[in-house]
Amino acid sequence: MSLIVRELRIGFGERTVVEIDELQVGDGEIVGLVGESGSGKSVTSLALIGLARSAGAWVEGSIQLDGRELTSLDEAQWRQLRGDRIAMIFQSPVSSLNPVFRVGDLFVRALRLHGATKAEARDRAARAMREVVLSPELLRRYPHQLSGGQAQRVAIAMAVALRARVLLADEPTSALDVTVQAEILELIQRMRREEGISVLFVSHDLAVVAGLCDRVAIMQSGQIVETGPTAATLRAPTHPYTQGLVAAIPRLGGTHA
Amino acid sequence: MLELRELTVRYGPETAVDAVSLTVPDGPFGVGLVGESGSGKTTIARAIMRLVATSGGSVRYDGEDVLRARGAALRAYRRAVQIVFQDPDLTLDPRMRIGTAIAEGMRAHGRVSRDAASARVATLLTEVGLEPDHAQRLPHQLSGGQRQRVAIARALAVEPRMLVLDEPTSALDVTVQARVLELIAALRQERSLSYLLISHNLAVVEQLCEQIAVLYHGHLVEVGPTAELLERPAHPYTRALRAAVPELDEALPAPAIRPDAAADAAAVTVGCPFADRCPMVVDRCRQERPALRELEGRRVACHRAEESIELPRESPRG
């Protein structure tokens, strides 16, 4: 499934914070959206899943999912689409799961919203958990009883159970330890390889994006200042802002104090 | 020189820091403290600053027992060792002007006249790369990077000899981080500072520290010279941490160790705390806790360190 963004404008009141001429995520593609804090990358991903307006922003322009225009959807239509076609995972996995329900009940509620029976929902939840290499035993736990890495896997498992075709991932590993980050990134790669899902990976971490993404878009002050195939773009950045970002990454094997 | 001996901190039944011995020599010198979240890094920082009660062991500074210090000795210690936290927003009073915040410690530690204090504030602001005019501003009128510079200036105001830096750049954007790291490197030379730098970023530690100490669930598992530890890690956990760092010009690292399923390894009473996740685990590891011992210029707590140190750097297993 492909996501095509054109002439997207997002703002709060008088202020325009995002102006994107074009951004595409092709079928089965992983695209990195990179920028520093305040660059507009998070509000962009919220707009793509229809949550920017509820955060107080206005949204103009065109967002198409396989040719279907999303900017004109009402809240009920969005609710149907979210999870079903397009899902999102966040930086803080534990706080993005409703704390008063057991993990299994979260699955059942989400799946029943999309038409599954209770029995089907339980079955699909268990299968999705195994797919992200978690024990279905964890379905009996509450979100706070999971580690950060487990909670992020659960969030991904929900997207899998709902058979979402497009995954928006907003800094999904920046709150996790490096060893756990490696597991989550591997899982996202596997989801793409085996399920063919498309991913927009929002991150400030160029080294992670370099290894994960097919293409990258660099965002500064609400605009995409450079975009292209990841390896070529990061090896020989042409925009001064990208050059500065690449140069600023602390690297192992660099200079010593 | 700061010396931790068998430092132990318990929170109720949980041992957050288990008999950690570590030395931070006089400056200019940096010791990096790395490990996963929950490994006890910040608890060690807090114990050094006397912000948590310790359950055992000692902290000595220039031979003085820090944990029992009172009166003048305690004041002298608090001047000598200052801390910079991860989030400057939580440590700067939003209603206090920058200049007042920096001068506060100076005035608490000595009789400094108002004029002398404001002159020194101006010098300090310049030293950390800000303008003397910033003294009149309130914290919210500065950017995150500028606020972290203020926190560093405030720590420097009492002329410390050592800093405890607890993730000083992890809340900052990478371009801002790069400049703050340069500042720390410059200050350590100019002021002959030593520091304990807590970070989850190995590249940051490599840039600023001569030594690395690796913590796992409250246990010190390896400590030694930075370059040697990163090039030839002797503990499988050090190797896993090193291997998990994504690098710009390389493919993503494959997960090197099993997820922390139990998350209560600290409760392991016999055997190695890393055994459940270790790719090199053997029976002995579950029966006998490895002691920290000397090996090729570092200290390491692993029964199989001699084999581990010979493995190629990327390889997670034997």
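Fair warning: this is a prediction, and the values are worked out from it, not measured in the lab.

Colleague: Explain the overall build of chain A to me, please; I cannot follow it from the model alone.
Modeller: Regarding its fold elements, chain A presents nine helices and 10 strands. Each of the 257 residues in chain A was classed as buried or not, and the buried ones make up 49%. Of the contacts formed within chain A by residues at least 6 apart in sequence, a portion of 65% connects residues at least 24 apart.

Colleague: How should the overall build of chain B be read in this particular structure?
Modeller: Helix and strand counts for chain B stand at 12 helices and 12 strands. Across its three principal directions, the C-alpha atoms of chain B cover 70 × 50 × 35 Å. Of all 318 residues assigned to chain B, the portion counted as buried reaches 48%. Here the contacts in chain B between residues at least 6 apart in sequence split such that 64% fall between residues at least 24 apart.

Colleague: Teacher, can you tell me more about the interface of chain A and chain B here?
Modeller: It is common to report an interface's size as the accessible area lost on association of the parts. Each side of the interface is counted separately: chain A has 31 residues, and chain B has 38 residues. Elements supplying a minimum of two residues to the side of chain A that touches chain B: helix H6 (178-195), helix H7 (206-212) and helix H9 (240-248) of chain A. When residues of the side of chain A that touches chain B are assigned to their parent elements, the largest contribution, eight residues, is made by H6(A).

Colleague: What should I look at first to understand the packing of helix H4 (residues 98-109) of chain B against helix H5 (residues 114-127) of chain B in this one?
Modeller: For any two helices packed against each other, the geometry is given by the interaxial angle and the distance between the axes. Residues and elements named next belong to chain B. Between H4 and H5, whose axes approach to 9 Å, the crossing angle comes to 115°. Judged by the twist between their axes, the crossing of H4 over H5 is right-handed. From H4, Gly99, Ile102, Ala103, Met106 and Arg107 reach across to H5, where they touch Ala117, Ser118, Arg120, Val121 and Leu124.

Colleague: Sorry if this is basic, but what is going on with the nonpolar core here?
Modeller: It is characteristic of soluble globular proteins that their nonpolar side chains tend to be buried jointly. Ranked by internal contacts, the top residues of the largest apolar core, which has 176 residues, are Phe107(A), Ala157(A), Leu167(A), Leu200(A), Phe201(A) and Val214(B). Among the elements that make up this core, the one with the highest residue count is helix H5 (residues 148-161) of chain A (nine residues). Once residues lying within four places of it in the same chain are set aside, the contact partners of Leu167(A) are Ala87(A), Ile89(A), Ala159(A), Ile197(A) and Val199(A).

Colleague: I keep staring at helix H7 (residues 174-191) of chain B and nothing clicks. Help me out?
Modeller: Two residues of an α-helix separated by three or four positions point the same way, owing to the 3.6 residues in each turn. Residue and element names in this part refer to chain B. Its 18 residues give H7 an end-to-end C-alpha distance of 25 Å, which sits within 8% of 26 Å, the value for a rise of 1.5 Å per residue. Within H7, burial applies to Val176, Gln177, Ala178, Val180, Leu181, Ile184 and Leu187. Ser192 sits one or two residues past H7 and shows a positive phi near 55°.

Colleague: Even after reading the chapter, I still don't get the sheet that holds strand S9 (residues 215-220) of chain A, so can you show me in this structure?
Modeller: Residues and elements named next belong to chain A. Ordered by their spatial adjacency, six strands build an open sheet running S6-S7-S8-S3-S9-S10, and the pairing between neighbours is mixed. Looking along the sheet, the strands with just one partner apiece sit at the ends: strand S6 (86-89) and strand S10 (223-229). The average angle at which neighbouring strand axes cross in this sheet is 15°, direction not considered. Where strand S3 (residues 30-34) meets strand S8 (residues 198-203), five bridges bridge the pair, whose relative direction is parallel. If you follow Val34 over to S8, its bridge partner there is Ser203. Those strands touched by H5 are S6 and strand S7 (166-170), and its axis lies near 175° from that of S6.

Colleague: So what exactly am I meant to see when it comes to the pairing of strand S10 (residues 219-225) of chain B here?
Modeller: A regular strand places its side chains on the two faces of the sheet in alternate fashion. Residues and elements named next belong to chain B. Most of S10 is tucked away, with six of its seven residues classed as buried. If you look at the hairpin formed by strand S9 (residues 211-216) and S10, you'll find two residues sitting between the two strands, and His217 has a positive phi there, around 45°. Direction of pairing for S10 relative to strand S12 (residues 298-300): antiparallel, over a ladder of two bridges. Bridge pairing in S12 places Glu222 opposite Val300.

Colleague: Honestly, the packing of H5(A) against H6(A) in this entry has me stumped. Any pointers?
Modeller: Residues and elements named next belong to chain A. Viewed as axis vectors pointing N to C, H5 and H6 meet at an angle of 10°, and their least axial separation amounts to 10 Å. Overall, the two elements H5 and H6 adopt an arrangement that is roughly parallel. Facing Gly148, Gly149, Gln152, Arg153, Ile156 and Val160 of H5, the residues of H6 in contact are Val180, Glu183, Ile184, Leu187 and Met191. Looking at side-chain class alone, the contact of H5 with H6 contains six nonpolar, three polar and two charged residues.

Colleague: Explain the sheet that holds S12(B) here, please?
Modeller: Paired through backbone hydrogen bonds, the strands of a sheet run either parallel or antiparallel to each other. Residues and elements named next belong to chain B. Reading across from one edge, S6-S7-S8-S3-S9-S10-S12-S11 is the order of the eight strands in this open sheet, with mixed pairing throughout. If you trace the sheet from one side to the other, it starts and ends with strand S6 (81-84) and strand S11 (293-295), each paired once. Across the sheet, the axes of successive neighbouring strands diverge by a mean angle of 20°, strand direction being ignored. Pairing between S6 and strand S7 (residues 162-166): four bridges, direction parallel. Residue Ile83 lies in a different strand from S7, and its bridge partner there is Val164. Sitting on the sheet, helix H10 (residues 236-243) touches strand S3 (29-34), S9 and S10, and the angle it makes with S9 is about 105°.

Colleague: Could you clarify how one ought to interpret unusual backbone geometry in this entry?
Modeller: Residue and element names in this part refer to chain B. Cis geometry is found at the peptide bond from Gly27 to Pro28, where omega equals -5°. Its identity is not glycine, yet Ala19 carries a phi of approximately 50°, on the positive side. Looking at where Ala19 falls in the secondary structure, it is placed in strand S2 (residues 14-24). Positive phi, close to 50°, is recorded for Asp62, a residue that is not glycine. Mapped onto the elements of the fold, Asp62 is located in the loop between strand S4 (56-61) and strand S5 (64-65).

Conventions we followed
Numbers given to residues run from 1 along each chain, matching the order in which its sequence is written. The lettering of chains begins at A and the numbering of ligands begins at 1, in the order of writing. Owing to the predicted nature of the model, reporting of local features is limited to residues with pLDDT of at least 70; listing and counting of side-chain atom pairs is limited to 80 or more, with chain, interface and lining totals taken over all residues. Helical segments are the DSSP runs of H or I of at least four residues, strand segments are the runs of E of at least two, and each set is numbered from the N terminus. Around each residue's C-beta, the other C-beta atoms within 10 Å are counted; 20 or more make the residue buried, 12 or fewer make it exposed, and counts in between make it partly exposed. All C-beta atoms are placed from the backbone. Our contact criterion uses C-beta atoms placed from the backbone: two residues qualify when those atoms are within 7 Å. Only the stretch in contact is used when fitting a helix axis, every axis being a line fitted to C-alpha atoms; angles between N-to-C directions are given from 0 to 180 degrees. Left-handed describes a crossing whose near helix is turned anticlockwise from the far helix through less than a right angle; right-handed describes the clockwise counterpart. Joining buried Ala, Val, Leu, Ile, Met, Phe, Trp, Tyr and Cys residues through C-beta atoms within 7 Å gives a set, and that set is a nonpolar core. Between the first and last residue of a helix there are one fewer steps than residues, each counted as 1.5 Å, and that sum is the expected span. Any two strands with at least two DSSP-identified bridges between them are counted as paired. Roughly parallel means an angle under 35 degrees; roughly antiparallel means over 145; roughly perpendicular covers 65 to 115; every other angle is labelled oblique. All residues other than Ala, Val, Leu, Ile, Met, Phe, Trp, Tyr, Cys, Pro, Asp, Glu, Lys and Arg, Gly among them, are scored as polar; the first ten of these are nonpolar and the last four charged.

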